[in-house]
Amino acid sequence: MSDHDKIYSTKFQDKIERNTLLMFVLTAIAVAVGGIVEIVPLFYLPNTGMNGGDGTFNGTSHKDLQGNAIPMDKIVWNPTTSAHKTLADWQPGDGVRPYTALETAGRHVYIREGCFLCHSQMIRPFRDEKDRYGHYSIAEESMYDHTYQWGSKRTGPDIARLGGKYSDEWHRKHLKYPRDVVPESVMPNFFFLDKAMVDKTKTIKTLEVMTKMPFNPVPKTIYTDAYIAGAAAELEGKTEMDAVIAYLQSLGNHVKFEEGVNYRD
Amino acid sequence: MEATQATPVKYDMDIVRWFTIAAVIYGVVGTLIGVYVAFELAFPFLNFDIPQITFGRLRPLHTNAVIFAFGGCVLMATGFYIVQRTGATKLWSNTMAWFTFWGWNLIIVLAVITLPLGLSEGKEYAELPWWVDIMIAVVWLSYGLNYIMTIGIRKTSHIYVSNWFTMGMIVMITYLHVVNSLAIPVDWATSYSIYSGVQDAMIQWWWGHNAVGFYLTGGFLGIMYYFIPKQSGRPVFSYRLSVLHFWTLTFGYVWLGAHHLQYTALPDWTGSLGAAVSLAMIIPSWGGAMNGMMTLSGAWDKLRTDYILRFLVTAMAFYAMSTFDGPVMAIKSVNALSHYTDWTVGHVHAGALGWMSMISFGALYHMVKKLWNTEMYSDRLVNIHFWVALIGAVTYVVAMWVSGIMQGLMWRDYDEFGTLTYTFVESVSAMHPYYVMRAVGGAIFNLGAWIMLFNVVMTIRQASAVRGVNAVAAKA
């Protein structure tokens with residue numbers, strides 16, 4: 001230390017600098033505060049897509065145009081109140097649902113190939129994003145996404161509302177050799193997905209794991225024992241390409257958004 | 001800084017030597033993979049239809065290699081060096097330090113195997129499989145325990161400022177790694193985070209930004225506070241500023257992660273809070289940068305002849321620049337444009353190439369001379385490395401700034417009919433020249449790392465040869 005700086009800033013600082021344990025403890029406290037303040041409330045505040053595990057929510061403050069609260073089962077699919085009782089019956093607009101077995105297998109491939117490094121799944125509430133991609137994303141839409149896939153970079157376009165925009169055949173061609181369909185694309189060729197069969201054991205275990213999550217598990221009323229038992233048949237003869245396409249086609253059409261309603265209040 | 005003691009302490013420097021050599025090698029490897037993935041984005045045929053080397057699998061290998069292999073070995077080499085010398089003591093446990101060394105390198109080898117195979121947890125900078133995560137926790141704690149215990153057995157009265165920063169890093173990275181990596185395994189290869197959606201996103205960026213804030217900044221500020229005074233032969237400019245720098249950074253940096261999630265499905269207050277604290281962080285960051293730079297007051301002329309000092313001081317300039325760039329990007333209206341674009345990539349690399357790598361190169365050269373008790377094989381090559389690295393870094397960063405802002409503007413542009421002017425793919429093809437420029441900039445930077453490797457190898461060989469001759473002479 002230089003001579004002009006011999007005076008210590010405070011006696012307390014001097015004490016900290018002489019005591020390893022004191023410095024360790026104070027540092028450990030100082031670095032903990034910000035994270036606690038920003039993270040913990042997201043586990044209990046409304047509109048954070050947090051499910052109690054038994055279908056109970058922290059509440060919603062989404063209001064319709066008359067100012068009435070929109071019931072949560074209009075946003076998140078609840079098989080007990082919905083007209084459609086099983087994953088197979090579920091229709092777009094019924095509300096957010098977990099992935100089917102085939103989509104789960106596809107999601108695994110999506111993560112494995114690092115797709116999230118170039119494609120986001122989070123549309124922001126801007127005019128250009130609405131025009132380009134569709135309605136902005138809301139918290140509930142990714143509540144079953146264990147290991148969220150919002151991404152941080154759009155080397156390719158956002159795909160949060162990709163489901164139903166293109167045909168399966170277009171996806172197959174595009175995934176195999178992207179430049180056959182979009183000449184300017186810089187996406188790698190994923191032709192090899194067409195040759196690999198989905199991993200049935202892994203996928204079924206994934207479904208089971210999803211029901212055991214401490215936060216936002218998939219309710220057993222959706223992944224019923226019967227559904228998990230039937231998953232093997234659903235996956236029979238499917239390639240990884242089929243699975244990825246199923247996953248992509250499932251994105252973004254779960255919630256029926258009402259015109260004029262603010263879902264970000 | 002160091003206590004002057006009557007009998008010189010015998011330090012445990014072999015461990016530092018090994019970490020130093022590893023760092024120099026990983027510097028070459030990590031940036032080389034980066035160059036390759038950069039070329040893949042410019043010329044996609046380079047994916048060669050081989051799944052293991054596609055962009056999606058190699059990019060995590062690049063980030064893991066530069067952050068954990070290169071950055072980690074630099075931090076451990078400099079950390080074990082500084083903590084011994086500023087405390088005038090040997091390591092608390094030399095054996096545990098070797099456990100850290102072999103453990104860390106085993107993790108790096110496992111990353112090289114698992115990431116190209118597609119084992120990914122799907123979280124940026126935390127892709128490694130769950131069982132490697134457990135190994136990371138164990139090895140990291142062995143480093144942390146050893147470090148803090150060595151501070152505990154120091155012979156000097158005060159803990160030196162570098163060690164405050166490193167201690168902050170050790171504690172915070174432990175929190176981050178443990179909380180962010182909590183997952184339920186499906187099998188040996190795959191696991192899924194126990195959090196989902198909003199909560200997972202916030203925890204991920206709490207991890208992501210603080211890996212930058214505490215590991216790539218805090219830890220490297222520890223390097224700055226030791227090696228700039230040492231290399232320039234001047235005391236730290238202001239002790240008080242360093243106290244301010246440390247406590248504000250330690251308390252404040254933690255809050256910044258939320259600025260990665262502005263305008264997403266998170267409640268708005270989170271992003272706004274992140275933005276506000278991000279802006280406030282200009283003060284400690286610039287205070288710290290000034291503290292490093294002004295340490296040279298009275299010794300600026302040394303920059304003309306001391307090439308190692310050039311690295312260290314240029315690093316401070318990039319640190320100041322990046323810590324201005326960052327808060328600007330955290331302003332919500334700017335972030336609306338910059339988020340999802342290459343601007344972020346440019347910002348990260350201004351920090352990684354300009355600040356973190358430059359301060360590392362300076363510190364590594366300084367240590368090589370001390371550890372092998374020799375001059376560099378070629379000072380001229382050090383100077384060439386400096387200019388090559390600087391040109392490479394600036395080329396890279398400028399390319400990404402331009403492409404990022406251009407992307408952001410193209411995406412939101414409307415024509416006179418009120419429809420979007422550009423399709424997405426038009427923005428992709430507009431990026432091509434900048435992707436080429438970025439890859440070339442990266443390649444230039446990588447060339448510098450090779451020059452360093454050559455110079456360090458030759459220096460060590462030369463030093464060993466001299467020592468051999470001396471040993472023979474001594475026997476005779």
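For clarity, every value in this text was computed on a predicted model and none was experimentally measured.

Trainee: Can you lay out the overall build of chain A for me, pointing to particular residues and giving the numbers?
Mentor: Helix and strand counts for chain A come out as nine helices and zero strands. For chain A, the succession of helices and strands along the chain, N to C, is α-α-α-α-α-α-α-α-α. Computed over its C-alpha atoms, the radius of gyration of chain A comes to 24 Å, more than 25% above the 18 Å expected for a compact globule of 265 residues. Each principal axis of the C-alpha distribution contributes one length, and for chain A these read about 75 × 50 × 40 Å. Looking at the 265 residues of chain A, the share that counts as buried comes to 57%. Put simply, of all contacts in chain A between residues at least 6 apart along the chain, 67% involve residues at least 24 apart. Element-wise, carbon and sulfur atoms account for 58% of the exposed surface of chain A, whose accessible area totals about 11300 Å². Computing the positive centroid from 31 side-chain charges and the negative centroid from 34, chain A places the two 2 Å apart.

Trainee: Give me the lowdown on the interface of chain A and chain B, citing residues and values where you can.
Mentor: Facing 95 residues of chain A, the contacting portion of chain B comprises 100 residues. Around 8600 Å² of area is buried between chain A and chain B when both sides are counted, 65% of it from carbon and sulfur atoms. Summed over the shared surface of chain A and chain B, the result is 39 residue pairs in polar contact (both at pLDDT 80 or more). Secondary structure elements with two or more residues in the side of chain A that touches chain B: α1 (11-18), α2 (20-39), α3 (101-112), α4 (127-132) and α7 (200-211) of chain A. With 15 residues, α2(A) is the largest single contributor of residues to the side of chain A that touches chain B. Grouping the constituent residues of the side of chain A that touches chain B by class yields 46 nonpolar, 27 polar and 22 charged.

Trainee: Report on empty space enclosed by the protein, specifying residues and quantitative values.
Mentor: Empty space among the atoms becomes apparent when a probe as large as a water molecule is rolled across them. Residue and element names in this part refer to chain A. The final tally for this structure, using the stated rule, is 15 cavities of 30 Å³ or more. In this model, the second largest cavity occupies a volume close to 230 Å³. Considering the residues around the second largest cavity, the lining is formed by 18 residues, among which Glu-141, Ser-142, Asp-145, Ala-160 and Gly-252 are closest to the centre. Tallied by class, residues from the lining of the second largest cavity come to eight nonpolar, six polar and four charged.

Trainee: Could you give me a rundown of the layout of surface pockets, with the residues and numbers involved?
Mentor: Approximately 840 Å³ is the volume attributed to the largest pocket. Lining the largest pocket are 38 residues, and of these A:His119, A:Gly156, A:Pro157, A:His174 and A:Met187 lie nearest its centre. For the lining of the largest pocket, the secondary-structure elements that each account for two or more residues are α3, α5 (168-176) and α9 (240-249) of chain A together with α2 (55-87) and α15 (424-475) of chain B. The leading source of residues in the lining of the largest pocket is α5(A), at four residues. The class makeup of the residues in the lining of the largest pocket is 25 nonpolar, eight polar and five charged.

Trainee: So what's going on with the pattern of salt bridges? Residues and values would help.
Mentor: Summed over all chains, the structure comprises 25 salt bridges over all chains. Taking the shortest distance from any N to any O, the salt bridge between A:Arg18 and A:Asp14 comes out at 3.2 Å. Residue A:Arg18 and its partner A:Asp14 are both found in helix α1; the two are separated by four residues, about one turn of the helix. Residue A:Arg18 is classed as partly exposed on the basis of its relative accessible area of 44%. Classification of A:Asp14 as buried rests on a relative accessible area of 15%. We note a salt bridge from B:Arg59 to B:Glu124, for which the minimum N-O separation is 3.1 Å. Linking B:Arg59 in helix α2 with B:Glu124 in the loop between α3 (94-114) and α4 (130-152), this pair joins segments that are 65 residues apart in sequence. One continuous salt-bridge network, built from bridges that share partners, spans A:Glu169, A:Arg172, A:Lys176, A:Asp194 and A:Asp242.

Trainee: Describe in detail a nonpolar patch on the surface, supporting the description with residues and values.
Mentor: All names here are of chain B. Taken together, the side chains of Phe-237, Trp-286, Met-290, Met-294, Trp-300 and Phe-324 make up a nonpolar region of the molecular surface, amounting to roughly 530 Å² of accessible area. Broken down by element, the residue count for the nonpolar patch peaks at three residues, all from helix α9 (residues 282-294). Along the polypeptide, Met-290 turns up in helix α9. For Met-290, a relative accessible area of 33% puts it in the partly exposed group.

Trainee: Report on the environment of B:Ser427, specifying residues and quantitative values.
Mentor: Residue and element names in this part refer to chain B. In this structure, Ser-427 sits in helix α15. Residue Ser-427 is classed as buried on the basis of its relative accessible area, which comes to 1%. Each C-alpha atom, one on Ser-427 and one on Ala-471, is 65 Å from the other, the two residues being 44 residues apart in sequence. Look past the residues within four positions of Ser-427 in its chain and what remains in contact with it is Met-410 and Trp-411.

Trainee: Describe the side chain of B:Asn446, with residues and values.
Mentor: Residue and element names in this part refer to chain B. When you line up the elements, Asn-446 lands in helix α15. Asn-446 sits in the buried class, given a relative accessible area of 6%. Beyond its immediate chain neighbours, meaning those up to four positions away, Asn-446 contacts Val-28, Thr-31, Leu-32 and Val-35.

Trainee: Break down the confidence of the model for chain B for me, with residues and values.
Mentor: For any part of a model where pLDDT is low, the fine detail of the predicted coordinates should not be relied upon. Residue and element names in this part refer to chain B. Averaged over all residues, the pLDDT of chain B equals 95, while 97% of them reach at least 70. Taken element by element, chain B is modelled with least confidence in α15, mean pLDDT 92, and with most confidence in helix α1 (residues 14-42), mean pLDDT 98. Interface confidence for the predicted complex, given as ipTM, is 0.94, next to a pTM of 0.94.

Trainee: Quick one: what's the story with the packing of helix α11 (residues 307-330) of chain B against helix α13 (residues 342-371) of chain B, residue by residue and with numbers?
Mentor: All names here are of chain B. Across the interface, α11 lies against α13 with an axial gap of 8 Å and an inter-helix angle of 155°. Classified by the angle between their axes, α11 and α13 sit roughly antiparallel to one another. As α11 runs across α13, the sense of the crossing is left-handed. For the contact of α11 with α13, the residue count by class is 17 nonpolar, nine polar and two charged.

Trainee: Can you break down the packing of α2(B) against α3(B) residue by residue, with the values?
Mentor: The axes of two packed helices give the description: the angle between them and the distance between them. Residue and element names in this part refer to chain B. Orientation of α2 relative to α3, taken along the N-to-C sense of each, is 170°, at an axis distance of 10 Å. With respect to α3, the element α2 is oriented roughly antiparallel. In this structure, α2 contributes Leu-61, Phe-68, Ala-69, Gly-72, Cys-73, Met-76 and Phe-80 to the contact, and α3 contributes Ala-97, Thr-100, Trp-104, Ile-108, Ala-111 and Val-112. The residue inventory of the contact of α2 with α3, partitioned by class, reads 11 nonpolar, two polar and no charged.

Trainee: Go over the side chain of A:His62 with me, naming the residues and quoting the values.
Mentor: All names here are of chain A. By the element assignment, His-62 lies in the loop between α2 and α3. Given a relative accessible area of 1%, His-62 falls into the buried group. Here Glu-140 takes part through its side chain, which lies 3.3 Å from a polar atom of the side chain of His-62. Reaching out from His-62, the side chain makes a polar contact with the backbone oxygen of Tyr-263 at a distance of 3.4 Å.

Trainee: Kindly report on the nonpolar core, identifying the contributing residues and their values.
Mentor: Membership of the largest hydrophobic core comes to 221 residues, with the highest contact counts inside it found for A:Tyr223, B:Trp104, B:Tyr215, B:Trp355 and B:Ile359. For this core, the element with the highest residue contribution is helix α6 (residues 197-232) of chain B, accounting for 19 residues. When near neighbours in sequence (up to four residues on either side) are disregarded, B:Trp104 contacts B:Phe68, B:Gly72, B:Cys73, B:Met76, B:Ile136, B:Val139, B:Trp140 and B:Tyr215.

Conventions and cut-offs
Residues numbered from 1 in each chain as written. Chains lettered and ligands numbered in written order. Predicted model: local features only at pLDDT ≥ 70, side-chain atom pairs only at ≥ 80, totals over all residues. Heavy atoms only, no water. Helix = DSSP H or I, 4+ residues; strand = E, 2+ residues; numbered from the N terminus. Rg over C-alpha atoms; globule rule 2.2 N^0.38 Å. Buried < 20%, exposed > 50% of the residue type's maximum accessible area, 1.4 Å probe, protein only. Contact = heavy atoms within 4.5 Å. Areas by Shrake-Rupley, 256 points an atom, 1.4 Å probe, with all protein chains shown as cover. Lys, Arg positive; Asp, Glu negative; His and termini not counted. Charge placed at Lys NZ, Arg CZ, Asp CG, Glu CD. Buried area = accessible area lost by both parts, 1.4 Å probe. Polar contact = N/O pair within 3.5 Å; in protein donor to acceptor, adjacent residues only side chain to side chain. Nonpolar A, V, L, I, M, F, W, Y, C, P; charged D, E, K, R; others polar. 1 Å grid on protein atoms, 1.4 Å probe; cavity = no way out; pocket = protein on both sides within 12 Å on 5 of 7 lines; lining within 4 Å. Points joined across faces, edges and corners; volume = space filled by probe spheres on them. Salt bridge = Lys/Arg side-chain N within 4 Å of Asp/Glu carboxyl O. Patch = residues over 30% accessible without salt bridge, like charges linked within 9 Å, V, L, I, M, F, W, Y side chains within 5 Å. pLDDT = per-residue confidence, 0-100. Axes fitted to C-alpha atoms, helices over the stretch in contact; angles between N-to-C directions. Parallel < 35°, antiparallel > 145°, perpendicular 65-115°, else oblique. Left-handed = near helix turned anticlockwise from the far one by under 90°. Core = buried A, V, L, I, M, F, W, Y, C linked by side-chain atoms within 4.5 Å.

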